[in-house]
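Summary of the model geometry
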Protein chains: 2
Amino acid sequence: MGVSLKDVALRAGVSVKTVSNVVNHYPHVTPATRARVQHAIDELGYRPNLMARHLRKGRTGIIALAVPELGNPYFAEVAGAVIDAAARHEQTVLLDHTAGLREKEALVSQGFRAHVIDGLILSPIQLESEDLLARTAGPPMVLLGEREYDAPYDHIAIDNVAAARAAVRHLLDLGRSRIAFLGAREESARQPAHLRLSGWRQEIAASGGLARDALVAATDGFDRRDGAVAMAALLDRGERPDAVFAYNDLVALGAMRVLSERGLRVPEDIAVVGFDDVEEGRYAAVSLTTVAPDKHAIARLAVDCLLERIGAAGADPAPPPRRIRPGHRLVIRESTAGRPSRPRPPPGSWSGPGPGPG
Amino acid sequence: MGVSLKDVALRAGVSVKTVSNVVNHYPHVTPATRARVQHAIDELGYRPNLMARHLRKGRTGIIALAVPELGNPYFAEVAGAVIDAAARHEQTVLLDHTAGLREKEALVSQGFRAHVIDGLILSPIQLESEDLLARTAGPPMVLLGEREYDAPYDHIAIDNVAAARAAVRHLLDLGRSRIAFLGAREESARQPAHLRLSGWRQEIAASGGLARDALVAATDGFDRRDGAVAMAALLDRGERPDAVFAYNDLVALGAMRVLSERGLRVPEDIAVVGFDDVEEGRYAAVSLTTVAPDKHAIARLAVDCLLERIGAAGADPAPPPRRIRPGHRLVIRESTAGRPSRPRPPPGSWSGPGPGPG
DNA sequence: ATGAAAGCGCTAACAC
DNA sequence: GTGTTAGCGCTTTCAT
C-alpha cells in the first residue's frame, strides 16, 4: 500500500491531474498520454484510495444493511441478495445486526457510523415510530419488513395482510376450521406480528368462522425454539387446533418438531403453514408450505430505492416517501398437502417403511 | 451532515485542535474548556467524519469478511459472531460472498476494495495456494476454514481430521460397519473435503475395517440439494450403507430428507452424522448428530489475530504465520442415538402416533 | 489537452 | 493548556 496519484504522475512524467483524468475515464486525454499513464499505473500497481476519493466526493460507495439476526436464514438470504444487488451498482455492503433490540435499532437508525456509509437499509422489529421521528440527521434510509411507521421513509414490504389471508384461505380450503396462530406477542397494533395476525383474523371472519384468541400463541422471539415453546404451550393448555399458521418458517419448524415429538402427524392431524420460504423448509422431513416473498425483488428494490435517495440527497422538496410492495406467492408443500404419492421402493432388499416415530 | 470540527471550534470559540483533543479524549484539557466544547458538540450534533479521520490515520476501522455463501447457516452464524467480535473492538464488518468461486475468492484476496478495509478474513473453498502466493500487496489477511495452504497467512481452523475421526468413531461404536461419506468431490488432496474424507478413511482403517471408495459420494456443492442428490445416487447404484458421515449439516439434512422419502428410518436403518452444528439440525424432525466447531472462538480468534496483524503491519521481520485450532466437540442427537424415550401422550383425545411416513 | 493550486475533515508536530 | 500549520490522496476550479 502507499502508491499514490503523485507517484504515478512522477513516474509517467505528467501531472497528478492527468493521472486522475485517466483513472476517471475523462474523455479528453491524448491516447499517447493515456497509454503512458496506464503503463505507470500497471508498473506501480496503483489502486485509487477510496477513502480519499470519497472524502472529496462526499460519498463512500458503502451502504449499510441492518437486520435483526443473521442466524435467521431469511435475513441471511436477504442479506446475500442485497450484497449482490449492491455489487451490481459497485456498492459495498456493511452489515450490522440488531438482535431485534429496540435500543440497537434506534442506535443504527441514528447516525451510528454515518460518514462511513452513504445510506442505510434497516429491517426493524421493535423500533417505534417515535424513534424514527427522533432521527434528525443521518444518511438516507429505507425500511424493510413488516413493521409499519408514520415516518417519512421509503418502505419495502410485501402485502403482509394479503399474504397471511392467502395462507389461512389455503388452510380453510383444506377443510381446517381450528387454525392457530403462532407468533403474536400481545393484542396490540404495535406488536411485530400485527399484520399477519390481522390477516389471520380477517380471513377467518370472512369465512364465517370464529377467530378465537385462545388459538393465538405468544412467542418471545421468532426462532425455532420460540415456535417449539409456543406450540407446546398451546397443546398443554388443552387447545386442539387442526392447523397452524406461524409467523415465519422458523417458528413453524420449531412447532413441527414438537408435533412430531408428541406423535401428531403433519398434515394429517395438523396442517402447518409458515412464512418466508427459507431453503430449510424445502428439505424438512415434511416439507413446509409457506408464503414466499420475492427476496431478490426486495433486495433489488431496496438498493435501487436507496441509491435513488442518495442521488437525490438535498433535493427540495424531498420526494414523498414511497410504499413499495414486492410480490409474494403461496408455495404449497407437504405440510399441508401431504406426500404426493407413495415413496418409491428402496433399491435392493431394504425393509419397507418402519412403524413410525418412537 | 456537514458539521465539521471547524464549525464546533467556531461555536465554542476555541481552535480546531482543542475540539479534536476533546473528541479524542486527550487528557490535558481544562474541564471548563472541555465542557464548553462538549456543549457546542451537542448543540451542533457533531459526529466525527471517519473517512477523514482514517485518511489521516491510515486505518479505517473496517474489516472485511468474505464467506462462500450467506445462505449456508454455518457461514451466517459465523458472520454474526465475527460482527459481534469486531464490534467489541469498535471495528465494523464489511461482508462479501464469493459463491465459492475460485475467481471471486482470488479477486477478494487480492487488493479488491483495499484502502477501504484494514484487513480481511477470508474463508476459501476453491482457492489454490498459487492464488495466495500471487498476492503481492493488500492489507493483512487471515484464513478461515478447512482448506490448507502453503502460504504465509494465519489460519484458523479446527482439527478437521480429528473431528472427522471422532464422528466416524462414534458410528463404529454404534456397531455400524458400512459408513458412507457424502461430499467428496474427487480423489485429490486438493479437494475441499480432503481432510474430512481423510479422517473417515483413517478411522475406518484404524478399526480394521475397509474404507470402500464405492461408499464415497461426490457432490457439486455443499448444500441440502447436493446432499439429497448424492444420497439418492448412492442408493440408486445399489450401495447399502448403515451409516452416513456427511461433509456438513446441510448435506446431511438433504440426505436425511431422501432417506425419509424412501422409507428408510434414521437412525434405525441408517445413522447420520453431520458437521457444523447449525441451529437447524437441532430442530430437524430427527435431530442431527454433528461435529460442533466452537464458532464463537473461531470468530474471536480470527478478529484478534487480524487486529494483531494490522497493529504489527510493517514489522520486520513479520511474525511467522500461525496455525490456530479452536475447539470442537461431537454433539450426539437422535440421528445416531434415536429418540431417548417414548413421546409423552398428547393432551386430550388425540390419536396416537400414526403409521409412519408415506 | 494538460498543469497548478485549493481544499474535503481530520490529526500530528511544533509553537506559544 | 491551547493555537497554528502542514498534509493524508484525491477531485475540482481555474489557468494555460
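All figures in this text were calculated on a predicted structure; none of them were measured in a lab.

Residues and elements named next belong to chain B. The first and last C-alpha atoms of helix α3 (residues 31-44) sit 20 Å apart over 14 residues, in line with the 20 Å expected at 1.5 Å per residue. On the buried face of α3, the contacting elements are α1 (5-12) and α2 (16-23). Count one or two residues on from α3 and you reach Gly-45, which has phi positive near 65°.

The tendency in soluble globular proteins is for nonpolar side chains to be buried side by side. Core analysis: the largest hydrophobic core is formed by 158 residues, its most contacted members being Trp-200 and Phe-245 of chain A together with Trp-200 and Phe-245 of chain B. Counting residues in hydrophobic clusters, the runner-up holds 35 residues, among them Ala-66 and Val-116 of chain A together with Ala-64 and Val-116 of chain B.

On average, residues of chain A score 90 in pLDDT, and 94% of them are at 70 or above. Confidence over residues 342-358 of chain A falls short of pLDDT 50; this stretch has 37 contacts with residues more than four positions distant or in other chains.

For the rest of this paragraph, the subject is the UniProt feature "domain: HTH lacI-type" (unreviewed entry) in chain A. The UniProt entry lists residues 3-57 of chain A under the feature "domain: HTH lacI-type" (unreviewed entry), expressed in the numbering used here. Secondary structure within residues 3-57 of chain A divides into 69% helix and 0% strand; the distance between the first and last C-alpha atoms comes to 20 Å.

Looking now at the packing of aromatic side chains. Under the criterion given, the structure shown has 10 aromatic pairs over all chains. Centroid distance Phe-181 of chain B to Trp-200 of chain B: 6.2 Å. Interplanar angle 55°. Geometry classified as tilted. Of the two residues, Phe-181 of chain B sits in strand β6 (residues 179-182) while Trp-200 of chain B sits in helix α9 (residues 194-206), which places them 19 residues apart along the sequence. There is no split in this pair, since Phe-181 of chain B and Trp-200 of chain B are both buried. Aromatic rings pair up to connect Phe-181, Trp-200, Phe-245 and Phe-275 of chain A into one cluster. Taking NZ or CZ as reference, Lys-17 of chain A lies 5.2 Å from the ring centre of Tyr-26 of chain A, over its face.

In this section: the sheet that holds strand β5 (residues 154-156) of chain A. Pairing is mixed across the open sheet formed by 12 strands, whose spatial order is β11(A)-β5(A)-β4(A)-β3(A)-β1(A)-β2(A)-β2(B)-β1(B)-β3(B)-β4(B)-β5(B)-β11(B). Of all strands in the sheet, those with a lone pairing partner are β11 (323-324) of chain A together with β11 (323-324) of chain B, marking the two edges. Examined bridge by bridge, strand β4 (residues 141-144) of chain A and β5 of chain A share three bridges and lie parallel to one another. Looking at the pairing, Val-142 of chain A lines up with Asp-154 of chain A of β5 of chain A. Lying over the sheet, helix α5 (residues 73-87) of chain B contacts β2 (92-97) of chain A together with β1 (62-67), β2 (92-97), β3 (119-122) and β4 (141-144) of chain B, oriented at roughly 80° with respect to β2 of chain A.

The subject of this paragraph is the domain arrangement of chain A. Residues and elements named next belong to chain A. Per the domain assignment, the segments of chain A are domain 1 (62-158 + 295-326) and domain 2 (160-292). A straight line from the C-alpha centre of domain 1 to that of domain 2 covers 28 Å. Taken together, the 13 residues of domain 1 in the interface contact 21 residues of domain 2. Regarding the contact of domain 1 and domain 2, the summed buried area is about 1,300 Å², with carbon and sulfur atoms giving 47% of it. For the pair domain 1 and domain 2, the interface holds two salt bridges. Where Arg-196 meets Glu-146, a salt bridge forms, and the shortest distance between an N and an O atom there is 3.5 Å.

Okay, the pairing of strand β10 (residues 289-293) of chain B next. All names here are of chain B. Burial of β10 is extensive: five of the five residues sit out of reach of the surface. The alternating pattern of β10 places Thr-289, Val-291 and Pro-293 on one face and Thr-290 and Ala-292 on the opposite face, and all of these are buried. Summarising the sheet, strand β9 (residues 271-275) and β10 pair through three bridges and their orientation is parallel. For Phe-275, the partnering residue across the bridge sits in β10 and is Val-291.

We now examine the protein's contact with DNA strand C. The environment of DNA strand C is made up of 22 residues, and the closest members are Thr-18, Thr-30 and Thr-33 of chain A together with Leu-5 and Tyr-46 of chain B. Note that a phosphate oxygen of DNA strand C is positioned 2.5 Å from one of the side-chain N or O atoms of Thr-30 of chain A. When contributions to the surface near DNA strand C are tallied by element, the ones reaching two or more residues are α2 (16-23) and α4 (50-57) of chain A together with α2 and α4 (50-57) of chain B. When residues in the surface near DNA strand C are grouped by element, the largest group, four residues, is from α4 of chain B. Here the surface near DNA strand C is built from residues that sort into seven nonpolar, nine polar and six charged.

Quick look at the protein's contact with DNA strand D now. In the vicinity of DNA strand D there are 21 residues, among which Leu-5, Tyr-46 and Arg-56 of chain A together with Thr-18 and Thr-33 of chain B approach most closely. Counting only the atoms of DNA strand D that lie within 4 Å of the protein, the sugar and phosphate share comes to 65%. The separation between a phosphate oxygen of DNA strand D and a polar side-chain atom of Thr-30 of chain B is 2.5 Å. With respect to DNA strand D, the side chain of Arg-56 of chain B contributes an N or O atom lying 2.8 Å from a base nitrogen. Only α2 and α4 of chain A together with α2 and α4 of chain B provide two or more residues apiece to the surface near DNA strand D. If one sorts the elements of the surface near DNA strand D by residue count, α4 of chain A sits on top with three residues.

With that settled, the discussion passes to the sheet that holds β6 of chain B. Strands belonging to one sheet form pairs held by backbone hydrogen bonds; the direction of such a pair is parallel or antiparallel. Pairing in this open sheet of six strands is mixed, and the strands run β7-β6-β8-β9-β10-β12 (chain B) from one edge to the other. Single-partner strands in this sheet number two, and they are β7 (216-217) and β12 (328-331) of chain B.

Attention now moves to the pattern of salt bridges. According to the stated counting rule, one finds 54 salt bridges over all chains in the structure shown. Between Arg-323 of chain A and Glu-148 of chain A there is a salt bridge, with its nearest N and O atoms 3.0 Å apart. With Arg-323 of chain A in strand β11 and Glu-148 of chain A in the loop between β4 and β5, this pair connects stretches of sequence that are 175 residues apart. Note on Arg-323 of chain A: relative accessible area 32%, which makes it partly exposed. Put simply, Arg-257 of chain A and Glu-334 of chain B hold a salt bridge, and the shortest N to O gap is 2.4 Å. Placement of Arg-257 of chain A in helix α11 (residues 249-261) and of Glu-334 of chain B in helix α14 (residues 334-337) is noted, with the two residues assigned to different chains. For the pair formed by Arg-257 of chain A and Glu-334 of chain B, the shared burial category is buried. Several salt bridges share partner residues, and in doing so they unite Asp-154, Glu-308, Arg-309 and Arg-322 of chain A into one network.

Reading guide: rules and limits
- Residues numbered from 1 in each chain as written.
- Chains lettered and ligands numbered in written order.
- Predicted model: local features only at pLDDT ≥ 70, side-chain atom pairs only at ≥ 80, totals over all residues.
- Heavy atoms only, no water.
- Helix = DSSP H or I, 4+ residues; strand = E, 2+ residues; numbered from the N terminus.
- Expected span 1.5 Å × (residues − 1).
- Contact = heavy atoms within 4.5 Å.
- Core = buried A, V, L, I, M, F, W, Y, C linked by side-chain atoms within 4.5 Å.
- Buried < 20%, exposed > 50% of the residue type's maximum accessible area, 1.4 Å probe, protein only.
- pLDDT = per-residue confidence, 0-100.
- UniProt positions renumbered as here; feature names shortened; annotations may be inferred.
- Phe/Tyr/Trp six-rings, centres within 6.5 Å; stacked < 30°, edge-to-face > 60°.
- Lys NZ or Arg CZ within 6 Å of the ring centre and 35° of its normal.
- Pairing = 2+ DSSP bridges.
- Axes fitted to C-alpha atoms, helices over the stretch in contact; angles between N-to-C directions.
- Domains from an automatic or database assignment.
- Buried area = accessible area lost by both parts, 1.4 Å probe.
- Salt bridge = Lys/Arg side-chain N within 4 Å of Asp/Glu carboxyl O.
- Near = heavy atom within 4 Å.
- Polar contact = N/O pair within 3.5 Å; in protein donor to acceptor, adjacent residues only side chain to side chain.
- Nonpolar A, V, L, I, M, F, W, Y, C, P; charged D, E, K, R; others polar.

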